[in-house]
Amino acid sequence: MKKGKLIVVSAPSGCGKSTIINALMDSGDFNLDFSVSATNRTPREGEIDGVHYRFLSTKAFQEAIDRGDFVEWEEVYPGRYYGTLRSEIDRRLEAGGDVVLDIDVNGALNVKKAYGAKCLTVFIQPPSIEELRHRLEARGTETAEVIDTRINRAEYEIAQAPLFDTTIVNDNLGKAIAEAYEVFTHFINS
Ligand code: 5GP
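How each quantity is defined
- Residues numbered from 1 in each chain as written.
- Predicted model: local features only at pLDDT ≥ 70, side-chain atom pairs only at ≥ 80, totals over all residues.
- Heavy atoms only, no water.
- Near = heavy atom within 4 Å.
- Polar contact = N/O pair within 3.5 Å; in protein donor to acceptor, adjacent residues only side chain to side chain.
- Areas by Shrake-Rupley, 256 points an atom, 1.4 Å probe, with all protein chains shown as cover.
- Helix = DSSP H or I, 4+ residues; strand = E, 2+ residues; numbered from the N terminus.
- Pairing = 2+ DSSP bridges.
- Contact = heavy atoms within 4.5 Å.
- Axes fitted to C-alpha atoms, helices over the stretch in contact; angles between N-to-C directions.
- Buried < 20%, exposed > 50% of the residue type's maximum accessible area, 1.4 Å probe, protein only.
- Arc of directions from axis to C-beta.

Novice: How should I be thinking about the site of the ligand in this particular structure?
Specialist: If you check the shell around the ligand, you find 18 residues, and the closest are Ser-37, Tyr-53, Glu-72, Tyr-82 and Asp-104. In the environment of the ligand, an oxygen atom lies 2.7 Å from a nitrogen or oxygen atom belonging to the side chain of Ser-37. Here an oxygen atom of the ligand and a side-chain polar atom of Tyr-53 are 2.6 Å apart. For the ligand, whose free accessible area comes to 510 Å², the fraction covered by protein is 92%. Contributions of two or more residues to the shell around the ligand are made by β5 (70-77) and β6 (80-85).

What follows is the structure in structure tokens.
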């Protein structure tokens, strides 16, 4: 049986990454499982433990690091840790399923190092930093200070885009979903 593949999607916050991933998963055209990461951040409203993340205390997260549970982990924001669980990925790949990961740029490049040709890294890029700021402000879920932090980080992340296998510019959501659909189909069938 064909063994599964990994698709890692990274994007600055507010680039429509979750919407694009969800659209592809909901299309029913892929046999994709979402890799549920662990984090020590507190759940946002509507987030479910074990579905969106495994929400751990800082101590439990540290213990998971010490046990070697993570393929990669990062302090994505000061004091906020996120990590990809080896168990989430390997079990599904062995069973021949494909796995999609939504992780930050450093994590994406580390997963690629660990899994090589079995793994495709996809970067979703906003049309511009100004447009990204506008979208984050329109979303209205973050304070001005958090938006500034996210914009600074976005500038760093966009600078890493050339290290990814593929970049999709999200200047039109429908077009970006269609492009991602093509990229996923091509890689999974290759
Ligand atoms: P949020 O707190 O908004 O859910 O996620 C913040 C950032 O952490 C996003 O860029 C997300 O992709 C990233 N992230 C989520 N899970 C992981 C993970 O397992 N590893 C790494 N390196 N980043 C992650």
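On we go.
Novice: Explain the sheet that holds β5 to me, please; I cannot follow it from the model alone.
Specialist: Strands pair in a sheet through their backbones, by hydrogen bonds, and they do so in one of two ways: parallel or antiparallel. The strand order across the open sheet built from four strands is β4-β3-β6-β5, with neighbouring strands paired in mixed fashion. Looking at strand neighbours, the two that pair on one side only are β4 (54-55) and β5, the edges of this open sheet. Pairing of β5 with β6 involves six bridges; the strand directions are antiparallel. Paired with Trp-73 across the two strands is Gly-83, which belongs to β6. On the sheet, helix α2 (residues 58-67) packs against β3 (38-39), β5 and β6 and is oriented at approximately 140° with respect to β5. Where helix α4 (residues 105-115) meets the sheet, it contacts β5 and β6, and its direction lies at approximately 165° from that of β5.

Novice: Whenever I open this one, the sheet that holds strand β2 (residues 32-34) confuses me. Can you help?
Specialist: If you trace the five strands from one edge of the open sheet to the other, you get β2-β7-β1-β8-β9, paired in parallel fashion. The open sheet has two edge strands with one neighbour each: β2 and β9 (166-169). Neighbour-to-neighbour, the strand axes of the sheet open up by a mean angle of 25°, direction not taken into account. Relative to β9, strand β8 (residues 119-125) runs parallel, the two being bridged by four bridges.

Novice: Which parts of the structure should I look at to understand helix α1 (residues 17-26)?
Specialist: An α-helix turns once every 3.6 residues. As a result, residues three or four positions apart point the same way. For α1, the set of buried residues is Lys-17, Ile-20, Ile-21 and Leu-24. Viewed along the axis of α1, the buried residues span an arc of 95°, placing them on a single side of the element. Taken together, the buried residues of α1 touch β1 (6-10), β7 (98-102), β8 and α7 (173-189). The first or second residue beyond α1 is Gly-28, which carries a positive phi of 75°.

Novice: Even after reading the chapter, I still don't get the side chain of Glu-88, so can you show me in this structure?
Specialist: Looking at where Glu-88 falls in the secondary structure, it is placed in helix α3 (residues 86-94). The class of Glu-88 is buried, set by a relative accessible area of 2%. Within the structure, Glu-88 has its side chain in polar contact with the backbone nitrogen of Val-36 (distance 2.8 Å). In this view, Glu-88 contacts Phe-34, Ser-35, Val-36 and Arg-54; residues no more than four positions away in its chain are not counted.

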